Amino acid sequence: MTRTRPLTLVIAALVGVASAYGLDSLLALRGFAVVVPPVSLAIALVLIGGVLVALAWPVRRAAAGERRIDPFYALRVVVLAKSSAVAGALLAGASAGILLYLVTRAVVPLGSSLAAGGTAVAAVLLLVAGLVAEHWCALPPDDPTEEAAP
């Protein structure tokens, strides 16, 4: 598996910003309530990131040669790490889009803005946890000269 590319994360974040801002604008234009992420979403994202790092720790130890681990477990962890990184980027973008919409209104709703900002921070933490877990699941190169090659 290849590592998650930064362009993929940037595209996911931009899609999240555009879709959330557009959805909130459309809902407000139609007279409906806008979408605001609940605080429990931010808490859940932080917990998922913590569990992901805890699941990746044994894989890191196995990659360092300290112990053996089931390769299917390692594969599941790295797939969860990649998906968490992309989902974190998408959710960070969506929360930023919601926050951008809320702060551009004439009257800024403080509670909703704080909830959207907290969710954006939690989504970035999930993104970082996914990238760290993905890095921990990488095997060291067999040949020392292979690392220096482009």
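The structure presented is a predicted model; accordingly, all values stated were derived computationally and were not measured.

Q: When you look at the overall build of the chain in this model, what are you seeing that I'm missing?
A: In terms of helices and strands, the chain carries 5 helices and 0 strands. Ordered by position from the N terminus, the helices and strands of the chain form the series α-α-α-α-α. Taking 2.2 N^0.38 as the reference for a compact globule, 150 residues should give roughly 15 Å; the C-alpha atoms of the chain span a radius of gyration of 19 Å, well beyond that estimate. Each of the three principal axes of the chain carries a C-alpha extent, and together these read 60 × 30 × 20 Å. Burial statistics for the chain: of 150 residues in total, 33% are counted as buried. Here the contacts in the chain between residues at least 6 apart in sequence split such that 79% fall between residues at least 24 apart. Carbon and sulfur atoms make up 72% of the accessible area of the chain, which amounts to about 9100 Å² in all. Averaging the coordinates of the 10 positive side-chain charges in the chain and doing the same for the 8 negative ones gives two points 11 Å apart.

Q: Mind showing me how you'd approach the layout of surface pockets here?
A: It is a probe the size of a water molecule, rolled over the atoms, that shows where empty space is left. Roughly 380 Å³ of volume is contained in the largest pocket. Residue lining of the largest pocket: 18 residues in total, with V59, A74, C137, A138 and L139 positioned closest to the centre. When contributions to the lining of the largest pocket are tallied by element, the ones reaching two or more residues are helix 2 (39-63) and helix 3 (71-103). A per-element tally of the lining of the largest pocket places helix 3 first, with 5 residues. Broken down by class, the residue content of the lining of the largest pocket amounts to 12 nonpolar, 1 polar and 5 charged.

Q: Sorry if this is basic, but what is going on with the environment of D24 here?
A: Of note, D24 is situated in helix 1 (residues 6-30). A sequence separation of 105 residues divides D24 from A129, and the C-alpha atoms of the two residues are 29 Å apart. Residue contacts for D24: discarding those within four places in its chain leaves V34, V35, I98 and Y101.

Definitions and cut-offs
Residues numbered from 1 in each chain as written. Predicted model: local features only at pLDDT ≥ 70, side-chain atom pairs only at ≥ 80, totals over all residues. Heavy atoms only, no water. Helix = DSSP H or I, 4+ residues; strand = E, 2+ residues; numbered from the N terminus. Rg over C-alpha atoms; globule rule 2.2 N^0.38 Å. Buried < 20%, exposed > 50% of the residue type's maximum accessible area, 1.4 Å probe, protein only. Contact = heavy atoms within 4.5 Å. Areas by Shrake-Rupley, 256 points an atom, 1.4 Å probe, with all protein chains shown as cover. Lys, Arg positive; Asp, Glu negative; His and termini not counted. Charge placed at Lys NZ, Arg CZ, Asp CG, Glu CD. 1 Å grid on protein atoms, 1.4 Å probe; cavity = no way out; pocket = protein on both sides within 12 Å on 5 of 7 lines; lining within 4 Å. Points joined across faces, edges and corners; volume = space filled by probe spheres on them. Nonpolar A, V, L, I, M, F, W, Y, C, P; charged D, E, K, R; others polar.

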